[in-house]
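Structural overview for review
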Amino acid sequence: MRIYKAKDYHDLSVKAAQIIAAQIVLKPDCVLGLATGSSPVGAYEKLAEWHKAGNLDFSEVTTVNLDEYRGIPRENEQSYDYFMRKHLFEKVNIDRSRTFLPDGMAPDGGQECLRYDEVVRRTGGIDLQLLGMGHNGHIGFNEPGSSFAKGTHCVDLTESTIRANRRFFSSEEEVPRQAFTMGIGTIMEAGKILLIVSGKEKAGMLNRALFGPVTPEVPASILQFHRDATVLADEEALSCCEPR
Ligand code: GLP
């Protein structure tokens, strides 16, 4: 696992975007695994900027997103589908028929999980998976205690995730209680992983993820076992790290 320190969120965003752009330049028809949340917003902004300046071509790129809330239609502003369109897809020349997210409104949850696993499989495999980390160490929506082996599944969100994501909704009641997420098994199959973490409120958890025992209680700790994982974190997020 390589760990890079960024000065602050802006620096982190530029460096993350450079790694993603490098992947696209090296393999124009690559498969990107994408994430939502506040962590990747700055990186998506940079990618859009470089595309606008004529320096980055998304025309052959395929994307598969990590997760989607259950019970929220894609047109809704709170859906991750909407998030991706707003922050990236509508700002670059990506072919929308090659952008995939779980369908939060699928009537049969079990079927939807199987369908999404098949979508990911058909892409031929994720070249670069971008990840953020939740305050409780979750990746995607794989909450503490999730099996390391799972494919796409439907999860009950923990109280701490509901509280953390409340800032995007007008009240806590509106935060969905369930989500579809790619499993840790699928995430670990990606050729490369890029985890980005910002802010001092995640510092303690990042220390556990990078240097503590690998345990389902800290889902991000599994990344210690990935053959090509890069962690990009700002000074605040790395402030509790004590390599052992
Ligand atoms: C959400 C998403 C994750 C994301 C995490 C961190 O719950 N499902 O994919 O990485 O929370 O979000 P943020 O970057 O806003 O802290």
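Worth saying up front: this structure is predicted, and the values here are computed from it rather than measured.

**A closer look at the overall build of the protein chain**
Along its length, the protein chain carries 7 helices and 10 strands. In terms of C-alpha radius of gyration, the protein chain reaches 17 Å, essentially the compact-globule figure of 18 Å for 244 residues. Over its C-alpha atoms, taken along the principal directions, the protein chain stretches across nearly 45 × 40 × 35 Å. When burial is assessed residue by residue, the protein chain has 55% of its 244 residues classed as buried. Within the protein chain, residue pairs in contact and separated by at least 24 positions form 80% of the contacts whose partners lie at least 6 positions apart. Seen as two clouds, the 28 positive and the 34 negative side-chain charges of the protein chain have centres 3 Å apart.

**With respect to the state of the cysteines**
Chemically, a disulfide is nothing more than a covalent bond linking the sulfur atoms of two cysteines. Under the counting rule described, the total for this entry stands at 0 disulfides. The thiol sulfur of Cys-113 is not disulfide-bonded, and the nearest other cysteine sulfur, from Cys-154, lies at 6.3 Å. Judged by its relative accessible area of 10%, Cys-113 is buried. Residue classification places Cys-154 among the partly exposed residues on the basis of a relative accessible area of 29%.

**Here's the deal with the site of the ligand**
Close to the ligand lie 15 residues, the nearest being Ser-38, Ser-39, Asp-67, Arg-167 and Lys-202. One of the side-chain nitrogen or oxygen atoms of Asp-67 is found 2.8 Å away from a nitrogen atom of the ligand. A distance of 3.2 Å is found between an oxygen atom of the ligand and a side-chain nitrogen or oxygen belonging to Asn-165. When grouped by side-chain class, the residues that make up the shell around the ligand number 3 nonpolar, 9 polar and 3 charged.

**As for the pattern of salt bridges**
Summed over the entire model, instances satisfying the criterion amount to 9 salt bridges. As a salt-bridge pair, Glu-49 and Lys-46 come within 3.2 Å of each other at their nearest N and O atoms. With Glu-49 and Lys-46 both in helix 2 (residues 41–52) and 3 residues apart, the pair spans about one turn of that helix. Judged by its relative accessible area of 42%, Glu-49 falls in the partly exposed class.

What counts and what doesn't
- Residues numbered from 1 in each chain as written.
- Predicted model: local features only at pLDDT ≥ 70, side-chain atom pairs only at ≥ 80, totals over all residues.
- Heavy atoms only, no water.
- Helix = DSSP H or I, 4+ residues; strand = E, 2+ residues; numbered from the N terminus.
- Rg over C-alpha atoms; globule rule 2.2 N^0.38 Å.
- Buried < 20%, exposed > 50% of the residue type's maximum accessible area, 1.4 Å probe, protein only.
- Contact = heavy atoms within 4.5 Å.
- Lys, Arg positive; Asp, Glu negative; His and termini not counted.
- Charge placed at Lys NZ, Arg CZ, Asp CG, Glu CD.
- Disulfide = S-S within 2.5 Å.
- Near = heavy atom within 4 Å.
- Polar contact = N/O pair within 3.5 Å; in protein donor to acceptor, adjacent residues only side chain to side chain.
- Nonpolar A, V, L, I, M, F, W, Y, C, P; charged D, E, K, R; others polar.
- Salt bridge = Lys/Arg side-chain N within 4 Å of Asp/Glu carboxyl O.

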